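Read off the chains here:
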Amino acid sequence: MQQYVIGFICLSIGIYLFRDPAKQKRKTVGHYALGISINKTRLYKIFGLIGAIVAYFIYEAYIESFIPSDFPIPKNFLGVIMAIIGAFMVRSWMQVTEDIISVSGPTFLFIFSYDYLKFERNIDLLDYIAKLPAIPNITNDTLEFIMLLIIIIISYIFRRILRRSMPIILAGIFSGLLIANGSNILIKGTLPSSRQELELQASAILTIISITYQIYFNRKQRKTAEIINEEPISKISTIIKINCPACLEYTNHEIINRKETPEGIDVLIQCKGKNVYDTICDNYQTVREENTQS
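Calculation notes
Once a new chain begins, its residue numbering starts again from 1 and follows that chain's sequence as written. Only residues with pLDDT of at least 70 get local features here, since the model is predicted, and only at 80 or more are side-chain atom pairs given and counted; chain-wide, interface and lining totals rely on the full set of residues. Remark: hydrogens and water are excluded; side-chain values derive from all non-hydrogen atoms of the structure. Strands here mean DSSP runs of E at least two residues long; helices mean DSSP runs of H or I at least four residues long; both are numbered from the N terminus. Partly exposed describes any residue whose relative accessible area lies between the buried limit of under 20% and the exposed limit of over 50%, with all areas from a 1.4 Å probe on protein chains only and scaled to the type maximum. Any two residues whose heavy atoms approach within 4.5 Å are treated as being in contact. The Shrake-Rupley method, run with a 1.4 Å probe, gives the accessible areas here. Residue values count only the displayed protein chains as cover. Each axis is a line fitted through C-alpha atoms, taken for helices only over the stretch in contact, and angles between the N-to-C directions span 0 to 180 degrees. For this classification, under 35 degrees means roughly parallel, over 145 means roughly antiparallel, 65 to 115 means roughly perpendicular, and everything else is oblique. Less than a right angle of anticlockwise turn of the near helix away from the far helix marks a crossing as left-handed, whereas a clockwise turn marks it as right-handed. Residues are sorted three ways: Asp, Glu, Lys and Arg are charged, Ala, Val, Leu, Ile, Met, Phe, Trp, Tyr, Cys and Pro are nonpolar, and all the rest, Gly among them, are polar. Between the rings of Phe, Tyr and Trp (Trp by its six-membered ring), a pair exists once the centres lie within 6.5 Å; its type follows the angle of the planes, with under 30 degrees stacked, over 60 edge-to-face, and the other angles tilted. Geometrically, a lysine NZ or arginine CZ counts as sitting over a ring once it is within 6 Å of the ring centre and also within 35 degrees of the ring normal. Criterion used throughout: strands pair if DSSP finds at least two bridges between them. Throughout this description, the term salt bridge denotes a Lys or Arg side-chain nitrogen within 4 Å of a carboxyl oxygen of Asp or Glu.

S.K.: Would you explain the overall build of the chain in this entry?
M.R.: Helix and strand counts for the chain come out as six helices and six strands. Seen in sequence order, the chain has helices and strands lined up from the N terminus as α-β-β-α-α-α-α-α-β-β-β-β. Considering the chain as a whole, with its 294 residues, one finds that 25% of them fall into the buried category. Taking as baseline every contact in the chain between residues at least 6 positions apart, the subset at least 24 positions apart corresponds to 51%. A total of about 21,800 Å² of accessible surface is found on the chain, and carbon and sulfur atoms cover 65% of it.

S.K.: Would you mind showing me how to read unusual backbone geometry here?
M.R.: In most cases, non-glycine residues show a negative phi, while peptide bonds are predominantly trans. Of note in this structure, Asn-122 is not a glycine but carries a positive phi near 55°. Of note, Asn-122 is situated in the loop between α3 (75–120) and α4 (125–130). A residue is classified by how much of its surface remains accessible, and Asn-122, at 70% relative accessible area, is exposed.

S.K.: Hey, could you run me through the packing of helix α2 (residues 42–63) against α3 in this one?
M.R.: The axes of two packed helices give the description: the angle between them and the distance between them. Running from amino to carboxyl end, α2 crosses α3 at an angle of 135°, the nearest separation of the two axes being 7 Å. Looking at the two axes, α2 sits oblique to α3. Note that α2 runs across α3; the crossing there is right-handed. Packed against α2, whose contacting residues are Leu-43, Tyr-44, Lys-45, Phe-47, Gly-48, Gly-51, Ala-52, Ala-55, Tyr-56, Tyr-59 and Ile-63, the element α3 presents Lys-75, Leu-78, Gly-79, Met-82, Ala-83, Gly-86, Ala-87, Val-90, Arg-91, Met-94, Gln-95 and Glu-98 at the interface. In the contact of α2 with α3, the residues fall into 14 nonpolar, five polar and four charged.

S.K.: Would you mind showing me how to read the packing of aromatic side chains here?
M.R.: Each pair of aromatic rings is reported with the distance of its centres and the angle of its planes. For the structure shown, the criterion picks out three aromatic pairs. Ring centres 6.4 Å apart and planes at 35° place the aromatic pair Tyr-213 and Phe-217 in the tilted group. Here Tyr-213 pairs with Phe-217, and both are found in helix α6 (residues 200–230), just four residues apart, close to one helical turn. The class for Tyr-213 is partly exposed, based on a relative accessible area of 35%. Aromatic ring contacts, followed pair by pair, group Phe-18, Tyr-213 and Phe-217 into a single cluster. The residue whose ring lies beneath Arg-19 is Phe-217, and the NZ or CZ to ring-centre distance is 4.1 Å. Of note, Arg-42 hangs over the ring of Tyr-16, and the distance from its end group to the ring centre comes to 4.4 Å.

S.K.: I would appreciate a short explanation of the pairing of strand β5 (residues 264–271) in the present structure.
M.R.: If a strand is regular, its side chains alternate between the two faces of the sheet. For strand β4 (residues 250–261) and β5, the ladder comprises eight bridges, and the chain directions are antiparallel. Counted as the bridge partner of Glu-260 is Ile-265 from β5.

S.K.: Help me understand the side chain of Gln-270 in this model?
M.R.: Mapping Gln-270 onto the fold places it in strand β5. Excluding its chain neighbours within four sequence positions, the residues that come into contact with Gln-270 are Asn-252, His-253, Glu-254, Ile-256, Asp-282, Asn-283 and Tyr-284.

S.K.: Would you mind going over the pattern of salt bridges with me for this structure?
M.R.: Pairs can form between side chains of opposite charge once their charged atoms are near each other. One pass over the structure, following the stated rule, counts three salt bridges. Taking the shortest distance from any N to any O, the salt bridge between Lys-272 and Glu-254 comes out at 3.6 Å. Here Lys-272 is found in the loop between β5 and β6 (284–290), whereas its partner Glu-254 is found in strand β4, with 18 residues between them in sequence. Exposure remark for Lys-272: the relative accessible area of 33% places this residue in the partly exposed category. Residue classification places Glu-254 among the partly exposed residues on the basis of a relative accessible area of 30%. Lys-272 is paired through a salt bridge with Asp-282; the nearest N and O atoms lie 3.7 Å apart. Separated by ten residues along the polypeptide, Lys-272 in the loop between β5 and β6 and Asp-282 in the loop between β5 and β6 bring together distant segments of the chain. The exposure class assigned to Asp-282 is partly exposed, which follows from its relative accessible area of 35%.

Here it is as structure tokens:
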């Protein structure tokens, strides 16, 4: 029974992470230079929840027994504090991991690619570079500076791309792993005991589908926002001046809604004038806007 619960939880989290509809991925609380960066994606919420659960169980299993009975803070309250600390720590670790991959990813990719070509494919890029003809009027120092500048620019471009796409990539990877292996656990009824029993091929396929769908959804969302921003602003006034039966003042009223009827157009308005108590009246009334068409 326990394996089915684990499989269902993995499958549910994987489906939850399949698409992240968060409009604002990262928000900085406080000053830009000194503020706290908070990532609002589903991946961070899930890992925050997992961190809170793990921290609470660690507290109950190992820490609670060492707390004296006359401790001024209740043990249940301490458990809640430990859960909050665990959630914050795991979210921070995820943030650090994302930042490390975004900043160091291009450099490590170059190093690992070079090692793979040299030791696995027996291709040494330095041998091909040594065969390039010398460039006239350019010294070695100048050439090294140009190459360093090119690497910095490429790393900066990749860093900006990874900064935006890393939450999508991580969510897709975890979604693919959890959906494929959670479904496998529910079908077989057993937990994987080795790496060979993991559904890596199905996970890779689901990861690609998840990342592709998230990219498509985000582009569609941006295009919709651009269309909305390009729509012309209505020229119809939303404020009319009329007598209010509540405050007995000839004052401004805000138009809330218009409803077309055979006799004319019924307009729901709200009074924005001040009454005898010097407060906003906010009285609602319905007036008729006569239809001049024959």
